[in-house]
Amino acid sequence: MEHSLVEMSASARLWGELWGDRPRDWAGTEEQQRPVYEAALERVGLRAGDRVLDVGCGTGVFLRLCADRGAEVSGLDASENLLAVARGRAPGADLRHGDMTALPFADGTFDLVTGFTSFFFADDMVEALREAGRVARPGAPVVIEVFGAPERCELEQVKGAIAPFRPRGEDGEEVRYWRPGMVEELAAAAGLDVVEAFTCETAYAYRDEEHFLAAMLAAGGAGAVAGPEREPELRAALVAALAGCRRPDGSYRIGNEWEVVIARAA
C-alpha cells in the first residue's frame, strides 16, 4: 500500500512551516546530533547496500552518514525548506515531502527505518510507528529517539522560555513522551518488537550568544512563533533561561539526555 504525497494533516503542515522558518540556522545544530546517530548505527549493524528511511530527516545529517557507509538513503519531512538543505547534503537521496502517518512508500521497502526526535510530532505516535513498521521489511530495525529524563535535559529550559510566546490554543508544542517504558509500550502497540533501549548524552555547543540565539530561534520555529515584534523579548527570555549554560568565555554548552529505543518490524 502506498500513500499520496499530498496527505498532510493540519499539524504536519504547521510543524513543516515552523521548522522550515530558518533552515540554515537549524542545520548547524542538527550536525551536533551525530553522537546519537552513530550510537544507533553501531547497534543496528548497517551494511553497504541497505535501504534506509529517515522519518523527519530534517537537513539530512543522518542520511549523509548512512550514504557514506554505502547505504541507499531516503528521507521524509514535513518541511520543504529543510528538505532543500538535505538535498544539498545528500544529493543522491530520495527525499519526499509528506506526513509521517501516511508514508509514501510501499510495504517492506526498507532495511532500516529511523525517527530521531520526530515521531512524537505526529498527531498519533502509535500510527506513525505503525507506518514505520509497515514500510520496513519483516525483522528490520526501527529506531525511535525521544528526549530523556527532563531533569537531565537542559533544552527543557528552552521550551519553557518559548511557551509564553505561543498563541493560546495553537497546536505547536510536541507531546512529551517521558515515563520509563512508555516508548516501548507505544512501539509494542504499533506492532513492533522491542529489542533494546539505551540513553545517550550529548551537548550542543555554540561559540557565543548570537550563535546560541540563532540556533534556539530556529528550533521548532521559535522565532516565527514569537514574530518580529516580540523576538527581542524572546531572545532576552532565552538568554535568561539558559544563563547556567553560559561559559566564562561567553560560549554556551547545552547538555541533554536522549532515550533511544530499537525495535523490529513484525
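The structure presented is a predicted model; accordingly, all values stated were derived computationally and were not measured.

Criteria and cut-off values
Position numbers for residues start from 1 in each chain and track the written sequence from start to end. Residues qualify for local features only when their pLDDT is at least 70, as the model is predicted, and side-chain atom pairs are given and counted only at 80 or more; totals for whole chains, interfaces and linings, by contrast, use all residues. Water and hydrogen atoms play no part in the side-chain values, which are based on all heavy atoms of the structure. Relative accessibility under 20% of the residue-type maximum defines a buried residue, over 50% an exposed one, and the middle range a partly exposed one, all with a 1.4 Å probe and only protein chains included. The way it works is that DSSP assigns letters per residue, a run of H or I at least four long becomes a helix, a run of E at least two long becomes a strand, and they are numbered from the N terminus. Pairing between strands requires that DSSP locate at least two bridges from one strand to the other. Handedness of a crossover is defined as follows: with both strands directed away from the viewer, a clockwise route from the first strand across the helix to the second makes it right-handed. Only the stretch in contact is used when fitting a helix axis, every axis being a line fitted to C-alpha atoms; angles between N-to-C directions are given from 0 to 180 degrees. Whether two residues are in contact is decided by their heavy atoms: any pair within 4.5 Å suffices. What makes a nonpolar core is a set of buried Ala, Val, Leu, Ile, Met, Phe, Trp, Tyr and Cys residues whose side-chain atoms join them at distances within 4.5 Å. Arc definition: it is the arc formed by the directions from the helix axis to the C-beta atoms. Space inside and on the surface of the protein is sampled on a 1 Å grid over the protein atoms alone, with a cavity defined as a set of points where a 1.4 Å probe fits but cannot get out and a pocket as an open set with protein on both sides within 12 Å along at least 5 of 7 lines; lining residues have an atom within 4 Å of a point. Grid points are joined across faces, edges and corners, and a volume is the space filled by probe spheres set on the points. Note on aromatic contacts: the rings of Phe and Tyr and the six-membered ring of Trp form a pair at centre separations within 6.5 Å, being stacked when their planes are under 30 degrees apart, edge-to-face when over 60 apart, and tilted otherwise. Whether a charge lies above a ring is judged from NZ of Lys or CZ of Arg, which has to be within 6 Å of the ring centre and within 35 degrees of the ring normal.

Participant: What's the story with helix H4 (residues 61-68) in this structure? I'm lost.
Facilitator: Three- or four-residue spacings in an α-helix give side chains the same orientation, since the helix completes a turn every 3.6 residues. Considered for burial, the residues of H4 that qualify are Val-61, Phe-62, Leu-63, Leu-65 and Cys-66. In the segment just after H4, Gly-70 is the residue with positive phi, at about 90°.

Participant: Just to check I follow, could you spell out the pairing of strand E1 (residues 51-55) for this structure?
Facilitator: Each regular strand carries side chains that alternate between the two faces of the sheet. For E1, the buried fraction is high: four of the five residues fall into the buried class. In the sheet, E1 pairs with strand E2 (residues 72-77) via five bridges, with the strands oriented parallel. Each bridged residue has a counterpart across the sheet, and for Leu-53 the counterpart in E2 is Ser-74. One crossover worth recording links E1 to the parallel E2 by way of H4, and it is right-handed. Sheet topology places E1 next to strand E4 (residues 112-116); three bridges connect them, and they run parallel. Bridging across to E4, Asp-54 finds its partner in Thr-114.

Participant: What is the right way to read the sheet that holds strand E3 (residues 94-97) from this model?
Facilitator: Strand pairing in a sheet takes place through backbone hydrogen bonds and is either antiparallel or parallel in direction. Pairing is mixed across the open sheet formed by seven strands, whose spatial order is E3-E2-E1-E4-E5-E7-E6. The sheet terminates laterally at E3 and strand E6 (193-206), the two strands that pair on one side only. Averaged over all adjacent pairs, the angle separating strand axes in this sheet is 20°, with direction ignored. Running over the sheet, H4 touches E1, E2, E3 and E4 and is turned about 170° from E2.

Participant: Sorry if this is basic, but what is going on with the nonpolar core here?
Facilitator: In a soluble, globular protein the nonpolar side chains are often hidden away together inside. Counting residues in each nonpolar core, the largest one holds 90 residues, and the members touching the most others are Val-113, Phe-119, Ile-144, Phe-212, Met-216, Leu-238 and Ile-254. Here this core gets seven residues from one element, more than from any other, and that element is strand E7 (residues 252-264). The contact partners of Val-113, leaving out residues within four places of it in the chain, are Leu-53, Val-55, Ala-132, Val-135, Ala-136, Pro-141, Val-142 and Val-143.

Participant: What's the story with helix H1 (residues 10-19) in this structure? I'm lost.
Facilitator: The set of residues buried in H1 consists of Ser-11, Ala-12, Trp-15, Gly-16, Leu-18 and Trp-19. In an axial view of H1, the angular spread of the buried residues amounts to 165°, which keeps them on one side of the axis. Exposed residues pointing more than 90 degrees away from the buried face of H1 are listed as Ala-10 and Glu-17. Lining the buried residues of H1 we find helix H2 (23-31), helix H5 (80-89), helix H9 (209-218) and helix H10 (222-241).

Participant: What is the right way to look at the layout of surface pockets in this model?
Facilitator: Regions of empty space are outlined by a rolling probe, equal in size to a water molecule, passed over the atoms. Considering only enclosed or pocket space, the largest pocket measures out at about 760 Å³ in volume. Trp-19, Thr-117, Phe-120, Phe-121 and Gly-220 are, among the 43 residues lining the largest pocket, the residues nearest its centre. Looking at the lining of the largest pocket, the elements that each hand over two or more residues are H1, H2, E2 and helix H7 (155-162). With five residues, the top contributor of residues to the lining of the largest pocket is H1.

Participant: Before we go on, may I ask you to explain the packing of aromatic side chains in this structure?
Facilitator: Centre distance and the angle of the planes are the two values used to describe a pair of aromatic rings. Enumeration over the complete set of coordinates arrives at 12 aromatic pairs. A centroid spacing of 5.2 Å and a plane angle of 80° characterise the contact between Phe-105 and Phe-110, whose relative ring orientation is edge-to-face. Linked through ring pairs, Trp-15, Trp-19, Trp-26, Phe-120, Phe-121, Phe-147 and Trp-258 together constitute an aromatic cluster. Above the ring of Phe-198, the side-chain terminus of Arg-43 is found at 3.7 Å from the ring centroid.

The quantities given are spatial measurements derived from coordinates; they are silent on function.
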